[in-house]
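What follows is each chain in one-letter form.
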Amino acid sequence: MSSDQPQAETSAIVACTVSRDVQNFDLLIEDMETALGESWGDLGFNEALAFFGQSEAEALEFIAMALDADDEENLGLMGEIITQAKSRGIKVILIAEEVSPASLHTLLRQGADEFIPYPLPEQELQAAITRLSTPEPEPAPAEATHQLQADNRREGAVIVCHGLAGGTGSTTLAVNLAWELAELSSAKTPSVCLLDLDLQQGSVSTYLDLPRREAVMEMLGETESMDADLFGQALLSFQDKLQVLTAPSDMIPLDFLTVEDIERVVEMARSHFDFVIIDMPHTLVQWSETVLQMAHVYFSTIELDMRSAQNALRLKRALQSEGLPFEKLRFALNRAPKFTDLSGKSRVKRMAESLGISIDLQLPDGGKPITQSCDHGQPLAVSNPKNPLRKEIAKLARSLHDLGAGETEAAA
Ligand SMILES: Nc1ncnc2c1ncn2[C@@H]1O[C@H](COP(=O)(O)OP(=O)(O)OP(=O)(O)O)[C@@H](O)[C@H]1O
Ligand SMILES: [Mg+2]
């Protein structure tokens, strides 16, 4: 090779996978190649610590640490790798396949920056890398997060929205109901808190145009020691009237949270707000029962279709076989037929009869403006106050508000 030709520099290694055997994670190999071309390497768990000390490691921006159930006995070493990486300013993406929530918990608390389940969802690695390199704009604590009073002793009503099939309007109902209730409140301090417990796909943050923040994960990861401050820091304020716990920024497994975690979070919210609105995931999880038991009102959104009917029936069987209070569910039929649609009306009646349920709430189709309003991150009351769906939700909010006020008077 002639020495007068300038050599193309071999590109520096900016990232490494760290795993027992990277061949077990072939989707990760593919995604690393797509994202970084040649400028990444792979390390075994035992090599990682030694590598950090070498000069080649200076250009390292992040490691992608991949583990499966067989690696759980090695948590100590993995924790050490994370700590060492962090102390050198190297970011850590955790990729886990069938790892217990407890182990994940431990590793996230050691300081891993991002978590992605394996098999990797499409584009997730690239999205995580992008997030690592663009620090998220944390809103200044004073303006956006809410300083909760530590000694608050309210006993808020818990109102839950649970879509029995995808896209049946659970989040639209939760967000708009929360906003309407907040608008009805005359209190000086915010009295409504909206919790997005649809941990993986939660879209409350989208519908209110709020960022998903690390603080949420930090709070959910240590509910045992959570106080009003830590809880307050995880909340974001929407127009100073509504406090919102968005879903965490990482896609965490639904069973990452335990029954106790959920109880603590909901109780904490209840003690500071008059109304706690919860948007639930579709899937039944360990803590679904907990939320059902804590709920004062539990809305199940459905539509007039086979999917909703079959899911409602399955849920009914599941709850009844466990001796859980199925009768607590209040079915909300979304995109309900208009008054003039007589055949639609009789289909609603037949659906209710065949399922043995009563459909207490009918929400009209609000057309395109609803989706637009969701995409613009605004409640309907702000963007489309005259929309029929908004009017119906406002009416519901008033009746719930009166109910709440009635209870307070009765208690006084
Ligand atoms: N009554 C309605 N009229 C018109 N559009 C609606 C109505 N209800 C919901 N939508 C639209 O349907 C879409 C799905 O609604 P939404 O996200 O609230 O449902 P979901 O049950 O929370 O869905 P997911 O399964 O994603 O959690 C959104 O774009 C929303 O704007
Ligand atoms: Mg939703």
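Everything numeric here is computed off the predicted structure, so don't read it as measured data.

Caption draft 1: Looking closely at the site of ligand 1. Taken together, 20 residues surround ligand 1, and among them T171, T172, Y207, H282 and G366 come closest. At 2.5 Å, a side-chain N or O of Y207 approaches an oxygen atom of ligand 1. The backbone of P364 places a nitrogen or oxygen atom 2.9 Å from a nitrogen atom of ligand 1. Put simply, ligand 1 lies in the largest pocket. Going through the elements one at a time, α7 (170–184), β12 (329–336) and α15 (368–375) are the ones with two or more residues in the shell around ligand 1.

Caption draft 2: A look at a negative patch on the surface. Together, D26, E30, E33 and E38 line one region of the surface with negative charge. Positionally, D26 belongs in helix α1 (residues 26–36).

Caption draft 3: Focus on the nonpolar core. Within the largest apolar cluster, 84 residues are counted, with the highest numbers of intra-cluster contacts made by I63, L94, L195, F231 and I278. Excluding residues that lie within four positions of it along the chain, F231 makes contacts with L148, C193, L195, M219, M226, V265, M268, A269 and F273. Of all hydrophobic cores here, the second largest spans 36 residues; its members include C161, L194, F299 and A397.

Caption draft 4: Molecular detail of the confidence of the model for the chain. In the predicted model, the chain carries a mean pLDDT of 90, and the fraction of residues at 70 or more is 92%. Below pLDDT 50 for its whole length, residues 1–5 participates in one contact with residues either more than four positions away or in separate chains.

Caption draft 5: A look at the layout of surface pockets. Its boundaries defined by the atoms lining it, the largest pocket holds a volume of some 440 Å³. For the largest pocket, the lining is made up of 29 residues, of which G167, T168, G169, T172 and Y207 are closest to its centre. Secondary-structure elements contributing two or more residues to the lining of the largest pocket are α7, β12, β13 (359–364), α15 and α17 (388–411).

Caption draft 6: Expanded view of the sheet that holds strand β5 (residues 114–117). Spatial strand order, β2-β1-β3-β4-β5: five strands in an open sheet with parallel pairing. Each edge of the open sheet carries a strand with a single partner, namely β2 (40–43) and β5. For this sheet the average axis-to-axis angle between neighbouring strands, irrespective of direction, equals 20°. Across four bridges, strand β4 (residues 91–97) lies against β5 in parallel orientation. Looking at the pairing, I95 lines up with I116 of β5. Along the sheet face, helix α3 (residues 75–87) touches β1 (15–18), β3 (62–68) and β4 and points at about 170° away from the line of β3.

Caption draft 7: Structural detail: the domain arrangement of the chain. Per the domain assignment, the segments making up the chain are domain 1 (15–133) and domain 2 (143–411). The C-alpha-based centres of domain 1 and domain 2 are spaced at 35 Å. In total, domain 1 and domain 2 occlude about 920 Å² of area from one another, counting both sides; carbon and sulfur atoms represent 58% of this. Considering only the surface of domain 1 that becomes buried against domain 2, P101, H105 and F115 emerge as the three largest contributors, covering 46% of it. Where domain 1 packs against domain 2, one counts zero salt bridges. Scanning the region where domain 1 abuts domain 2 turns up one residue pair in polar contact (both at pLDDT 80 or more). At the level of elements, α4 (101–109) and β5 are the ones that each hand at least two residues to the side of domain 1 that touches domain 2. The element contributing the most residues to the side of domain 1 that touches domain 2 is α4, with five residues. The residue makeup of the side of domain 1 that touches domain 2, split by class, is five nonpolar, one polar and four charged.

Caption draft 8: Fine view of empty space enclosed by the protein. Across all of its chains, the model carries one cavity of 30 Å³ or more by this definition. Looking at the largest cavity, its volume works out to about 30 Å³. Every residue lining the largest cavity is listed: N176, Y207, S373, C374, Q378 and L380. Along the lines of polarity and charge, the residues of the lining of the largest cavity split into three nonpolar, three polar and no charged.

Caption draft 9: Main features of the pattern of salt bridges. This model, assessed by the stated rule, comprises 14 salt bridges. Two residues, R270 and E267, come together in a salt bridge whose shortest N-O distance is 3.5 Å. Placement of the pair is R270 and E267 together in helix α11 (residues 259–272), with a separation of three residues, close to one helical turn. On the accessibility criterion, R270 (15% relative accessible area) is buried. Here R335 ties to E303 by a salt bridge, and the two come within 2.6 Å at their closest N and O atoms. Taken as a pair, R335 in strand β12 and E303 in the loop between β11 (297–302) and α13 (306–321) lie far apart in primary sequence, 32 residues in all. Residue E303 is classed as buried on the basis of its relative accessible area of 13%. It is possible to trace a salt-bridge network through shared partners that takes in R20, D68 and D71.

Reading guide: rules and limits
Residues numbered from 1 in each chain as written. Chains lettered and ligands numbered in written order. Predicted model: local features only at pLDDT ≥ 70, side-chain atom pairs only at ≥ 80, totals over all residues. Heavy atoms only, no water. Near = heavy atom within 4 Å. Polar contact = N/O pair within 3.5 Å; in protein donor to acceptor, adjacent residues only side chain to side chain. 1 Å grid on protein atoms, 1.4 Å probe; cavity = no way out; pocket = protein on both sides within 12 Å on 5 of 7 lines; lining within 4 Å. Sits in = over half its atoms within 2 Å of the grid points. Helix = DSSP H or I, 4+ residues; strand = E, 2+ residues; numbered from the N terminus. Patch = residues over 30% accessible without salt bridge, like charges linked within 9 Å, V, L, I, M, F, W, Y side chains within 5 Å. Areas by Shrake-Rupley, 256 points an atom, 1.4 Å probe, with all protein chains shown as cover. Salt bridge = Lys/Arg side-chain N within 4 Å of Asp/Glu carboxyl O. Lys, Arg positive; Asp, Glu negative; His and termini not counted. Charge placed at Lys NZ, Arg CZ, Asp CG, Glu CD. Core = buried A, V, L, I, M, F, W, Y, C linked by side-chain atoms within 4.5 Å. Buried < 20%, exposed > 50% of the residue type's maximum accessible area, 1.4 Å probe, protein only. Contact = heavy atoms within 4.5 Å. pLDDT = per-residue confidence, 0-100. Points joined across faces, edges and corners; volume = space filled by probe spheres on them. Pairing = 2+ DSSP bridges. Axes fitted to C-alpha atoms, helices over the stretch in contact; angles between N-to-C directions. Domains from an automatic or database assignment. Buried area = accessible area lost by both parts, 1.4 Å probe. Nonpolar A, V, L, I, M, F, W, Y, C, P; charged D, E, K, R; others polar.

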